[in-house]
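Fold and contact review
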Amino acid sequence: MLPRWRDTRAAVETGEMRSLQRAGADEKARAQQAGVQRLVTLQREFGAKPSVGRAAELTGTAVLMNRPDVAEEAAVYLLLNAEQTTPAALASARTLLALPAPGEAGIQAPQSTGLLTVQAEVRRLRPLLREFPHNPLMHLDLARAYAALGQAQRAERHLQVALALAPQHRFALRTAVRFHVHTHDPRAAVTLLRRSVRTPHDPWLIAAEISASMVAGVAPRFVRRARDLVENWDLDPLHISELAAALGTLELKDGGKSKRVRKMFRQALEQPTENAVAQVQWVAPQVQVPLDEQLLKSVPRNFEMRAWERYSLSRFEAARDAFECWLQDEPFASTPVIMAAYLAGALDPTPARAIELTRLGLTAHPADEVMLNNMAFYLAIADQLDDAEAYLRRAQAATAPGNVWNGANLVATQGLLLFRRGQPDAGVQLYEAAAALAKRSAFPQRAVIAQLNLARELLRCGDERAPAVLLRALEEARAFTSPDVDLAVAHLRTQMQRLGVPPEVLPPTLFG
């Protein structure tokens, strides 16, 4: 359960920035005075030289300090220049002006999550950093944007500046941990945390050390300290939510007693972060920890848990919205972009959105074999066959010989390309080979999906073998209670309707 890497505003919203200690009256007064001075400075700078960057910083600070009166003009300025700023800045402006936000009643997919959005964030932050070069939080936000754009060296450079400016800052340390894991160097994350004098005293950092150590394959250093904190914590339970979840995961991995493991996960849910909720959801079938729906509704940014929950129930449109929200929350992460594109490819009339999202994912993960194969598939569906073949070659080169999951996908995608090149017999052979490979590799649901896709291609080209293949595939699909299979059937159904395949060719069960 690794730390999330969100922007600064989201980290404040989720409580990650919150102090471990209850502030005294004097401390609160000093903080309030410093905040007021900061607001006055930002207000003066915006008044002297209005810009989108200054307006965003002023409105964001005013929202955090609950002082809407000092930034109304800046909020209006942002709304009038909406195309030049980011969704996060616009959300602050709407909050400050008490305007309704899109999707307030529930999760609603962002209007856009793509390269242009991330590039706009870079354009917003760079001039701000020239004005405020010693602000570590701005360096962290810019590093996050560069990571999403696949510019790891620039991201690391800004992370190093942030850590130099604030070497013991919890958010900076956890952000750096997430970056090192993202760049496949978890040992660097472990080393960083163990060198910090703050780690043994901060449950958020101990949780990160345990999780990063598990990824790196080394023994966590602070397990005894972690147990002591979890058992004796008497402050805000939010602070030990991720620590309890990390400890529970470690105990589960090491074969700990189920009663003890369940106790830790229940403790993680007393006042959970959404990261802890997602972790408990992942292990819940093994440890039987109930998830309280009413409690979870109040957890901010609970996108990952919602996405998988909706997907498992085959509520695909709602799942797609949640995966897109998760992607906007972590634009460099691979899982949400793969799933959002996968759903877009199956639900939309064209693969345009799936291609756009996968292009974003490949920017941050250019050698990801799953994304490369998926991009080849989406491009082939769009009849961009030369480009599809280029991506398929990259996917084949990136896939390790023992990767049977992606190996079957690659064979099926090659079959699709042959169909679209006008070679149906060769396409049939490869689809059947992919299904056989999936069965031998204990992925029977993938074999059914390959057969459903084969039926789609045969129907598409009017091949006389299509009805028999379709009937067999649908019969086998009925044996599975899998959202993957449900989605493939739904996709096939809509594709046939769009292609105008004669109804007498299709079995009634396809429309059931």
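Here we summarise the structure given alongside this text.

1. Some words on the overall build of the protein chain
Helix and strand counts for the protein chain come out as 27 helices and zero strands. The globule rule puts the C-alpha radius of gyration for 512 residues at 24 Å, and the 25 Å found for the protein chain is close to it. For the protein chain, the spread of C-alpha atoms along the three principal axes comes to 80 × 60 × 40 Å. Scored against the burial criterion, the 512 residues of the protein chain give a buried share of 52%. Per element, the accessible surface of the protein chain, about 23600 Å² overall, is 52% carbon and sulfur. Across the protein chain, the mean location of the 60 positive side-chain charges is 4 Å away from that of the 55 negative side-chain charges.

2. With respect to the environment of Leu 410
Examined against the element boundaries, Leu 410 turns out to sit in helix H23 (residues 404-420). Expressed as a C-alpha distance, the spacing of Leu 410 and Val 197, which sit 213 residues apart in the sequence, is 48 Å. Excluding residues within four positions of it along the chain, Leu 410 makes contact with Asn 373, Leu 392, Ala 395, Gln 396 and Thr 399.

3. Comments concerning the nonpolar core
In terms of nonpolar packing, the biggest core is built from 105 residues, with Tyr 311, Phe 323 and Leu 452 touching the most fellow members. The biggest single contributor to this core is helix H25 (residues 444-460), with nine residues. Ignoring anything within four residues of it in the chain, the contact list for Leu 452 reads Ala 473, Leu 474, Val 485, Ala 488, Val 489 and Leu 492.

4. Points about the environment of Leu 416
With respect to the element layout, Leu 416 can be found in helix H23. A residue is classified by how much of its surface remains accessible, and Leu 416, at 0% relative accessible area, is buried. When the C-alpha positions of Leu 416 and Leu 430 are compared, they lie 8.5 Å apart, and in sequence the two are 14 residues distant. In contact with Leu 416, other than residues within four places in its own chain, are Phe 377, Ala 380, Ile 381, Tyr 431, Arg 456 and Glu 457.

5. With respect to the packing of helix H21 (residues 369-381) against H23
Running from amino to carboxyl end, H21 crosses H23 at an angle of 20 degrees, the nearest separation of the two axes being 10 Å. Comparing their axes, H23 and H21 come out roughly parallel. In this structure, H21 crosses over H23, and the sense of that crossing is left-handed. Here H21 contributes Glu 369, Val 370, Asn 373, Ala 376, Phe 377, Ala 380 and Ile 381 to the contact with H23, which in turn contributes Asn 406, Asn 409, Leu 410, Thr 413, Leu 416, Leu 417 and Arg 420.

The rules we used
Residues numbered from 1 in each chain as written. Predicted model: local features only at pLDDT ≥ 70, side-chain atom pairs only at ≥ 80, totals over all residues. Heavy atoms only, no water. Helix = DSSP H or I, 4+ residues; strand = E, 2+ residues; numbered from the N terminus. Rg over C-alpha atoms; globule rule 2.2 N^0.38 Å. Buried < 20%, exposed > 50% of the residue type's maximum accessible area, 1.4 Å probe, protein only. Areas by Shrake-Rupley, 256 points an atom, 1.4 Å probe, with all protein chains shown as cover. Lys, Arg positive; Asp, Glu negative; His and termini not counted. Charge placed at Lys NZ, Arg CZ, Asp CG, Glu CD. Contact = heavy atoms within 4.5 Å. Core = buried A, V, L, I, M, F, W, Y, C linked by side-chain atoms within 4.5 Å. Axes fitted to C-alpha atoms, helices over the stretch in contact; angles between N-to-C directions. Parallel < 35°, antiparallel > 145°, perpendicular 65-115°, else oblique. Left-handed = near helix turned anticlockwise from the far one by under 90°.

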